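Tertiary structure, described
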Amino acid sequence: MNELEVFRQETRAWLEANCPASMRTPMPSDEMVWGGRTVEFKHEDQRLWFERMRDKGWFCPDWPVEYGGGGLSPQQVAILDAEMRRLHCRPPQINLGIWMLGPVLLEFASEQQKQQFLPPMAGGEIRWCQGFSEPNAGSDLASLRTSAVVDGEDFVVNGTKIWTSYGNKSDWMYALVRTGPMEPKQAGISLIVLDMASPGVTVSPIDLISGKSSFCQVFFDNVRVPRSQLIGELNGGWPLGKALLQHERSAMSKFSESALPTHFDLGEFLGKYLASPQTTAETVLQQRAVVCLMQEESFRLTNQRIYQTLRARQDASGLMAIAKLVHTEQERSKFELLLEIMGNHAMGWQGEGFDQRELDLTGAWLMSFAQTIAGGSSEVQLNVIAKRVLGLPEAK
Amino acid sequence: MSLVYNEDQLQLQDSARDFLSARSPASVQRAIRDQDIAAGYDAGVWQSMLDLGWSAVAFSEADGGLDFGFAGFAPLFEEIGRHLGASPLLSSIVLCGGLIEQLGSEQQRQQRLPQLISGELRLALALEENARHAPEAIQLEARRDGDGWVLSGEKTWVADAREADGWLVVARESEGRCGVFHVRADQAGVQTSARSMIDSRNMAALRLDQVRVAADDRLGSNDAGKALDLVLDWGRACLAAELLGMSETAFSMTVEYLKTRVQFGVPIGSFQALQHRAARLYADLQLARSSMMAAFAQLDRPGGDDRERRRLVSLAKWQAGQVAQRVSNEAIQMHGGIGVTDEYDLGLFLKRMRMAQNQLGNSDYHCQRYSDNRSA
Ligand SMILES: Cc1cc2nc3c(=O)[nH]c(=O)nc-3n(C[C@H](O)[C@H](O)[C@H](O)COP(=O)(O)OP(=O)(O)OC[C@H]3O[C@@H](n4cnc5c(N)ncnc54)[C@H](O)[C@@H]3O)c2cc1C
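Residues numbered from 1 in each chain as written. Chains lettered and ligands numbered in written order. Predicted model: local features only at pLDDT ≥ 70, side-chain atom pairs only at ≥ 80, totals over all residues. Heavy atoms only, no water.

When helices and strands are tallied, chain A shows 11 helices and eight strands. A globule of 396 residues ought to have a C-alpha radius of gyration of about 21 Å, and chain A, at 23 Å, matches this closely. If one aligns the C-alpha atoms of chain A with their principal axes, the spans along those axes are about 75 × 60 × 50 Å. Within chain A, buried positions represent 50% of all 396 residues. (Helix = DSSP H or I, 4+ residues; strand = E, 2+ residues; numbered from the N terminus. Rg over C-alpha atoms; globule rule 2.2 N^0.38 Å. Buried < 20%, exposed > 50% of the residue type's maximum accessible area, 1.4 Å probe, protein only.)

Structural data, given as structure tokens:
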């Protein structure tokens, strides 16, 4: 037996012994566990599972052991993922910091910063949010204006960030700020990290069309941030921010895989909500549902193809450029179709007369609108494909 | 399941590309049309394909083949699509060869397959009887007569039927059984009538009036339904690859045009309205390619599940048909007036695409079949 096979056997045995049975069931949206200063557990099994995985270093299995990671090779991580999927293990915690900021710190932060920030992240002790967008800097992120002015050993930060996901529940933020007001747009931006409990930080949640939400606007009023919390060079934040956004796509897909109730079986819904015998119009709905399923399967295959292309050391950049666009648009049209199939059952807001899945669906449908905007809107994705993949010329 | 070409497939693709761009560019397709060549392909090009071993790719060595696996046809048909290469590779080798391999007795295979692979024998599959693909609705009748059989009925769309040495005729026997019969071109009672189609290739209707064939002309002795279903899937996968090749070519012609055509003082490719449409087509093409690759991977999987195969092949043919439709329409629109001239090659692609979309099942057909074969 080769080493990887040994690792597989051991991992399987460990998971079977340590993942409580209740953590191998589908996760309702309100049972997600978020790492952070205060971790809320709904029941004891959640705590056990969280602590056991943490102690293995398997919140970030691929990170070096010295920073609290599991020290696994990419092949071992793939095995761990596969074994967890096989047993239907829930993710022990959700932590966007690990998936997005972590890799950037590993690559660009100073040794002292790594020592300071990575172990608590890997231990699920700090919850992170992303402060990039501003009211006047969305797709055109480089026009951001929140300023950080050097004053002694600190930066003094003023301005506002918007759409900050989980801004009200996070302990720390990584933010792009303007440190060079005279420099050209991209060249005056720095990446800093800051404690949300700092004096002068206020957070106000924004309600979305899907209801109460954890999307926030964050205000900075003379917030002092130690200069030691600058990541990378002064005015060198733009490339780091772009590197971070590269990780956003995979973070979002990990997140939605585990957190969003998007796995509705269309076939089952058709059986439940369509009358029988069917009218011609209902047959058309049937056909549209099949088309939806075919598109989804083609997308799943495309994801596998991305993985195989990378493994074969061939160029996958074009394929990767379409993934976010295709996935979010497919999801949105699937929900629109479900709405048509389910009629009023898909339009319940709360309370009696609707089962939980129907209400989840309403929420997921409304959230699907945000997915084609967040993380680079569909139009921005199309621009990227047109210019970088197809090489079409810039508009004059 | 491999969704990217391996070294062998890439090599085959390179050599196919070199050969087709030298010997069978779109201008050859144009010449076939303008000279009204009844066979619908260039005999010299076909002979070279045979010499290159294309007809032997998928057959076992025992049957006179190269044992490369069915996956060899993916790059070949892709390149055939890219260059609009016309040949009887699909009709005679993939479909008829496939049926002989799947249904024939040892002796029938030995008599026919080597000849088919060498090109000495060219057969065409006589299947369709309706406006649209409907392999379940065969009515042409096969009646036992002493030792042999008597065939009567009509076949409406037989690709590459003219100038073939014979046809494999799918017929209905008593009790609904399905049989495949080898009918020779010179046999009494067969009448062919040419159909001139938009792609200028070879199409004909067949009328069989009390055609007598020997017992040995029936392939094997079992019901042919299951083998027919499998072999038609081979054909569908090849058509999906051909459609994808055509679509990618029409798409890259269009992207090129967007970069070079100047209006309002700028390349039209700098207009965002056109950029976004092109970017969407690119994404569609990727979904179609992933599906096509999955279908071929499934066809080469030993002991693979039938439902899985049907589902993946129908997905591939559906996606390829959809993307061909969108790409051809958008390609012509984005070319403006030049796109609708006969002189420009896009029209040839459009016409062949629609034929291939329709052949062995259009989008509706494969949507239904995908649905029927989904795992519960
Ligand atoms: C649910 C959600 C969560 C988010 N979470 C975070 C977060 O945690 N942290 C964070 O920093 N940000 C977050 N965002 C912000 C997100 O990144 C921005 O919303 C996004 O970048 C778009 O910016 P905007 O909303 O200002 O829209 P705008 O940029 O103003 O866009 C408006 C419209 O114009 C189009 N448009 C803009 N530029 C172009 C162009 N060049 N060509 C064609 N069309 C164009 C857009 O596609 C869109 O349709 C989140 C957003 C949402 C919806």
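The next point concerns the domain arrangement of chain B. Residues and elements named next belong to chain B. Looking at chain B, the domain boundaries give domain 1 (7-118), domain 2 (123-217) and domain 3 (225-372). For domain 1 versus domain 2, the distance between C-alpha centres works out to 22 Å. Listed per partner, the contact involves 22 residues of domain 1 and 17 residues of domain 2. Between domain 1 and domain 2, a total of about 1,500 Å² is buried, with carbon and sulfur atoms accounting for 52% of that surface. On the domain 1 side of the interface with domain 2, the three residues burying the most area are Ala38, Cys96 and Arg112, jointly 30% of the side's total. (Domains from an automatic or database assignment. Contact = heavy atoms within 4.5 Å. Buried area = accessible area lost by both parts, 1.4 Å probe.)

By nearness alone, 17 residues border the ligand, and Ser133(A), Ser139(A), Ser165(A), Ser377(A) and Glu379(A) come closest of all. Chains contributing residues near the ligand are chains A and B. Ser133(A) is positioned such that a nitrogen or oxygen atom in its backbone is 2.8 Å from an oxygen atom of the ligand. In the environment of the ligand, an oxygen atom lies 2.6 Å from a nitrogen or oxygen atom belonging to the side chain of Ser377(A). Contact with the protein chains removes 67% of the 970 Å² of surface that the ligand exposes when unbound. Counting residues per element, the ones that place at least two in the shell around the ligand are strand 3 (154-165) and helix 11 (378-389) of chain A. The element that contributes the greatest number of residues to the shell around the ligand is strand 3 of chain A, accounting for three residues. A domain split of the shell around the ligand shows at least three residues from each of domain 2 (128-231) and domain 3 (240-389) of chain A. (Near = heavy atom within 4 Å. Polar contact = N/O pair within 3.5 Å; in protein donor to acceptor, adjacent residues only side chain to side chain. Areas by Shrake-Rupley, 256 points an atom, 1.4 Å probe, with all protein chains shown as cover.)

So, on to the interface of chain B and chain A. With 38 residues of chain B at the interface, the matching set in chain A holds 39 residues. Approximately 3,200 Å² of surface area, both sides summed, lies buried where chain B meets chain A, with 64% of it carried by carbon and sulfur atoms. Our enumeration of links across chain B and chain A arrives at two salt bridges. For Arg280(B), the salt bridge goes to Glu329(A), with nearest N and O atoms at 2.8 Å. Summed over the shared surface of chain B and chain A, the number is 16 residue pairs in polar contact (both at pLDDT 80 or more). Counting only elements with at least two residues in the side of chain B that touches chain A, the list comes to helix 7 (225-260), strand 9 (266-267), helix 8 (272-299), helix 9 (306-335) and helix 11 (363-372) of chain B. Of all the elements, helix 8 of chain B adds the most residues to the side of chain B that touches chain A, at 14 residues. Of the residues belonging to the side of chain B that touches chain A, the class tally is 21 nonpolar, 11 polar and six charged. (Salt bridge = Lys/Arg side-chain N within 4 Å of Asp/Glu carboxyl O. Nonpolar A, V, L, I, M, F, W, Y, C, P; charged D, E, K, R; others polar.)

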